[in-house]
Amino acid sequence: MDGMRGDPAALLLLADSRLPAGGHAHSGGVEEAVRLGTVTDVDDLARFLRGRLATAGLVTAALSAAACELAAGEPDVVGGAGGTAAAGSPAPPVRPYAMDASWRTGGNGGPGAAAAEVAAAEDLRRRLWRRLDDEADARTASPAQREAARTQGRLLLRTARRLWPSPALETLARAIPEGPHHPIALGAAAASAGCEPQQAALAAAYTSVTGPATAAVRLLGLDPVTVHRLLADLAPALNDAAHAACASLMDTVLTDTTLTDTTLADPALTDAALTDTTLDDAALTDTTPAGPALSGPASSGPASSGPAGMDTPPGSAGPPPGDAPGSAQTGWRGGWAGLPGHSAPALDLLAEGHLANPMKLFVS
């Protein structure tokens, strides 16, 4: 956690298994692994935890970091646009789309323009939350895991809205009324509590292994001290996962050709690699053969990455669904293409088997 700002006390609360958000009822797949006999002792559990952290743990950490960054740009969020940072901490940088979404409307003033821009900015934020939640969906192959993630996310969001009320949490609740994935809710809660993306990623990585570890103690009657020694040994790997999760955001850029240097002096947008001349690259012209990965439906998978780190939404290089065509959308690029997509088929199979098992101690 060297060099991390943010509120450490809030981070502890978010990672506490006693937080009334239902996390204690989920085993992270270890209950089914115990039933099948693949986890029978401490050594088996150590391998299970390391594998889970390297796959599902890294993915949820990256999603939480992305959600924290997105939420930090909501007005009046601690450390976000229009808000104040935690005491003694400078406000973390925010993305241009989070700092000021009014440029997306293309409004030039006039009667009702301000209200229209506010409504358009609110709609944009909702669609961005939806898009990020879709990224979580695309990285969760098992229907049982998706259901469990949304259950945990819904409970965490409900709790966080009471502990750390903020516009970001309200926008997220309106954008995904059925409940966001748990890492999305965790990242939004972290930002609302004054944490940074790396802290949100660390909390996600931590909870991805502590839940299964605690469940294994109950299921196998293992020595709690021995199991916590496993968790202590994982501390460097947890920090590495949090760093890797935040590094995956470095390739994520949301920009528009209508942004100019006078609008926002952001080095990420003024770099030569991200200028409009990039769009002249042969990889972006109509002469490029359309492969299966580029011709599928928008919901077919996570976003793909274009040249020079430019991100492209799933299956489309255009604006998000619902955007009206116009000059303000020209050259729009968006998505979270840099987020890891490590699959864990074994965890998917465990989740599906657990769902079909009528005799179980944990929900998932």
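Residues numbered from 1 in each chain as written. Predicted model: local features only at pLDDT ≥ 70, side-chain atom pairs only at ≥ 80, totals over all residues. Heavy atoms only, no water.

1. Regarding the overall build of the protein
When you go through the protein residue by residue, the secondary structure sums to 14 helices and 2 strands. Looking at the 364 residues of the protein, the share that counts as buried comes to 49%. Taking contacts inside the protein between residues at least 6 apart in sequence as the whole, the part at least 24 apart equals 77%. Within the structure as shown, the protein displays about 16600 Å² of accessible surface, and the carbon and sulfur contribution to it stands at 58%. (Helix = DSSP H or I, 4+ residues; strand = E, 2+ residues; numbered from the N terminus. Buried < 20%, exposed > 50% of the residue type's maximum accessible area, 1.4 Å probe, protein only. Contact = heavy atoms within 4.5 Å. Areas by Shrake-Rupley, 256 points an atom, 1.4 Å probe, with all protein chains shown as cover.)

2. Things to note about the packing of helix H3 (residues 42-72) against helix H8 (residues 182-192)
Contact geometry of H3 with H8 gives a least axis separation of 7 Å together with a crossing angle of 45°. It follows from the interaxial angle that H3 and H8 lie oblique. The element H3 and its partner H8 pack so that their crossing is right-handed. Facing Thr60, Leu63, Ser64, Ala67, Cys68, Ala71 and Ala72 of H3, the residues of H8 in contact are Pro183, Ile184, Leu186, Gly187, Ala188, Ala190 and Ala191. Considering only residue class, the contact of H3 with H8 consists of 11 nonpolar, 3 polar and no charged. (Axes fitted to C-alpha atoms, helices over the stretch in contact; angles between N-to-C directions. Parallel < 35°, antiparallel > 145°, perpendicular 65-115°, else oblique. Left-handed = near helix turned anticlockwise from the far one by under 90°. Nonpolar A, V, L, I, M, F, W, Y, C, P; charged D, E, K, R; others polar.)

3. A short note on the confidence of the model for the protein
Regions with low pLDDT should not have their predicted coordinates read in detail. For the protein, mean pLDDT is 73; residues scoring 70 or higher make up 64% of the total. When the criterion is pLDDT under 50, residues 77-107 qualifies, and its contacts beyond four places in sequence or with other chains add up to 82 contacts. Note on residues 253-334: pLDDT is under 50 here. Beyond four places in sequence and across chains, it has 127 contacts. (pLDDT = per-residue confidence, 0-100.)

4. Remarks on the pattern of salt bridges
One pass over the full model with this rule turns up 14 salt bridges. Across the pair Arg174 and Glu122 runs a salt bridge whose closest N-O atoms are separated by 2.9 Å. With Arg174 in helix H7 (residues 167-175) and Glu122 in helix H5 (residues 113-138), this residue pair connects regions lying 52 residues apart in the sequence. Owing to a relative accessible area of 40%, Arg174 belongs among the partly exposed residues under this scheme. The partner of Arg130 in a salt bridge is Glu178, with the nearest N and O atoms 2.8 Å apart. (Salt bridge = Lys/Arg side-chain N within 4 Å of Asp/Glu carboxyl O.)

5. Some thoughts on the packing of H3 against helix H10 (residues 224-233)
Interaxial distance between H3 and H10 falls to 11 Å at its minimum, and their mutual angle equals 35°. Taken as a pair, H3 and H10 cross one another with a handedness that is right-handed. Together, Val42, Leu45, Ala46, Leu49 and Arg50 of H3 and Thr226, Val227, Leu230, Leu231 and Asp233 of H10 make up the contact between the two elements. The residue inventory of the contact of H3 with H10, partitioned by class, reads 7 nonpolar, 1 polar and 2 charged.

6. Notes on the nonpolar core
Residues Leu45, Trp129 and Leu132 are the most contacted members of the largest nonpolar core, which totals 76 residues. Of all the elements, H3 adds the most residues to this core, at 15 residues. Among all residues touching Leu132, those that are not within four sequence positions of it are Leu63, Ala66, Ala67, Leu70, Ile184, Trp336 and Leu339. (Core = buried A, V, L, I, M, F, W, Y, C linked by side-chain atoms within 4.5 Å.)

7. Details of the environment of Ser17
By the secondary structure assignment, Ser17 is in the loop between helix H1 (8-15) and helix H2 (30-36). Assessed through its relative accessible area of 58%, Ser17 is described here as exposed. Linking Ser17 and Thr210, residues 193 residues apart in sequence, is a C-alpha distance of 8.3 Å.

8. Digging into the state of the cysteines
Applying the stated criterion across every chain yields a total of 0 disulfides. Here Cys246 is not cross-linked by a disulfide; its sulfur's nearest cysteine counterpart is in Cys68, at 8.5 Å. (Disulfide = S-S within 2.5 Å.)

9. Here we look at helix H6 (residues 143-163)
Helix length check: H6, at 21 residues, gives a terminal C-alpha distance of 30 Å against a target of 30 Å (1.5 Å per residue), a fit within 8%. Looking at H6, one finds that the buried residues are Ala144, Ala148, Ala149, Arg150, Gln152, Gly153, Leu156, Leu157, Thr159 and Ala160. Two or three places before Ala144, at the opening of H6, Ser142 has a side-chain oxygen 3.2 Å from that residue's backbone nitrogen. (Expected span 1.5 Å × (residues − 1). Polar contact = N/O pair within 3.5 Å; in protein donor to acceptor, adjacent residues only side chain to side chain.)

10. Looking at the side chain of Arg150
Relative to the helices and strands, Arg150 is located in helix H6. One polar contact links Arg150 to Asp133, side chain to side chain, over a distance of 2.7 Å. Non-local contacts of Arg150, meaning those with residues more than four positions away in its chain, are made with Asp133, Asp137, Ile176, Glu178, Gly179, Pro180 and His181.

11. Examining the environment of Val59
The topology assignment puts Val59 in helix H3. Residue classification places Val59 among the buried positions, given a relative accessible area of 6%. For the pair Val59 and Pro340, spaced 281 residues apart in the sequence, the C-alpha separation amounts to 5.7 Å. Apart from the residues within four sequence positions on either side, Val59 is in contact with Arg139, Pro340, Gly341 and His342.

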